[in-house]
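A look at the structure
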Amino acid sequence: MPDQPAVPQPTHDPLTLDESNAWGRAFGAALAPGSVVALHGELGAGKTTLVRAICEGLGVSDPDAVTSPTFALLHEYDVADGVVVHADLYRLKSSGELAQFGWDELLARARATLVEWPERATEWMPDATLHVQLQHVPNQPNVRRIRVIE
């Protein structure tokens, strides 16, 4: 995995939906080739919404096509310099299923890999994985706390 340049941290806390999307685009644009990003948060915390913004920052031409791969486990999106792999491991029955998908090969060829529910397969996440934590803000449905752990 390549050295990761500094990625932007949220400038304040909490963030509105528009601010979260703007931050996600900046975050995606700053990701080094080969980056793996693990997105943590409760169901409905906005992981897929943030993935859509990150994909836009990475150069996915139609960010509206970015949807949750909950049932397929994996989606791939073309960008100028490769593909973005989007994994949702919520329905993973065992972490060994990732071997069937050729996980290591996916990581090796991806421009970036974005993983929802990474705690279902922690042993498959590279050491240099960037972790992004999303949290609901009580009584504010369109506001999130976002924290990057490098």
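Refer to the structure above for everything that follows.
One structure accompanies this document, and this report is about it.

Quick notes on the rules
- Residues numbered from 1 in each chain as written.
- Predicted model: local features only at pLDDT ≥ 70, side-chain atom pairs only at ≥ 80, totals over all residues.
- Heavy atoms only, no water.
- Axes fitted to C-alpha atoms, helices over the stretch in contact; angles between N-to-C directions.
- Helix = DSSP H or I, 4+ residues; strand = E, 2+ residues; numbered from the N terminus.
- Parallel < 35°, antiparallel > 145°, perpendicular 65-115°, else oblique.
- Left-handed = near helix turned anticlockwise from the far one by under 90°.
- Contact = heavy atoms within 4.5 Å.
- Nonpolar A, V, L, I, M, F, W, Y, C, P; charged D, E, K, R; others polar.
- Pairing = 2+ DSSP bridges.
- Phe/Tyr/Trp six-rings, centres within 6.5 Å; stacked < 30°, edge-to-face > 60°.
- Core = buried A, V, L, I, M, F, W, Y, C linked by side-chain atoms within 4.5 Å.
- Buried < 20%, exposed > 50% of the residue type's maximum accessible area, 1.4 Å probe, protein only.
- Expected span 1.5 Å × (residues − 1).

At their nearest, the axes of helix α1 (residues 17–30) and helix α2 (residues 47–58) sit 6 Å apart, and the two run at 45° to each other. Compared by their axis directions, α1 and α2 come out oblique. The interaxial crossing formed by α1 with α2 has right-handed handedness. Residue-level inspection shows Leu17, Ser20, Asn21, Trp23, Gly24, Arg25, Phe27, Gly28 and Ala29 of α1 in contact with α2, the latter providing Thr49, Leu50, Ala53, Ile54, Glu56, Gly57 and Leu58. Residue classes in the contact of α1 with α2 are distributed as eight nonpolar, six polar and two charged.

This brings us to the sheet that holds strand β7 (residues 140–149). Reading across the sheet, the seven strands line up as β1-β7-β6-β2-β5-β4-β3 and stay open at both edges, with mixed pairing between neighbours. Both edges of this open sheet fall to β1 (15–16) and β3 (74–79), since each of them pairs with a single strand only. Pairing between strand β4 (residues 82–88) and strand β5 (residues 112–116): five bridges, direction parallel. Each bridged residue has a counterpart across the sheet, and for histidine 86 the counterpart in β5 is leucine 114. Strand contacts of α2: β2 (35–40), β3, β4, β5 and β6 (130–137), with the helix running at about 175° to β5, the strand carrying the most contacts.

Within the structure shown, the criterion is met by two aromatic pairs. Measuring from centroid to centroid gives 4.9 Å for tyrosine 90 and tryptophan 117, while their planes differ by 55°, and the two rings are tilted. Note that tyrosine 90 is positioned in the loop between β4 and α3 (97–100) and tryptophan 117 in the loop between β5 and β6, a separation of 27 residues in sequence.

Formed by 25 residues in total, the largest nonpolar core has its most connected members in Phe27, Leu31, Leu39 and Val132. Sorting the residues of this core by element identifies α1, β2, α2, β3, β5, β6 and β7 as the ones contributing at least two each. With five residues, the single largest contributor to this core is α2. Those residues in contact with valine 132 that sit more than four places away from it in its chain are Trp23, Phe27, Val37, Ala38, Leu39, His40, Leu50, Ile146, Arg147 and Val148.

What follows deals with the pairing of β5. Counting buried positions along β5 gives five out of five residues, so the element sits mostly inside the fold. Alternating residues of β5 divide into Ala112, Leu114 and Glu116 and Thr113 and Val115, and every residue in both groups is buried. Where β2 meets β5, five bridges bridge the pair, whose relative direction is parallel. Bridge pairing in β5 links leucine 39 to glutamate 116.

Turning to α2, a few remarks are in order. Residue pairs spaced three or four apart in an α-helix point in one direction, given the helix's 3.6 residues per turn. The terminal C-alpha atoms of α2, which comprises twelve residues, lie 16 Å apart, in line with the 16 Å expected from a rise of 1.5 Å per residue. Residues Lys47, Thr48, Leu50, Val51, Ala53, Ile54, Cys55 and Leu58 constitute the buried set of α2. In the core, the buried residues of α2 are packed alongside α1, β2, β3, β4, β5 and β6. Trailing α2 by a residue or two, glycine 59 shows a phi angle of about 105°, which is positive.

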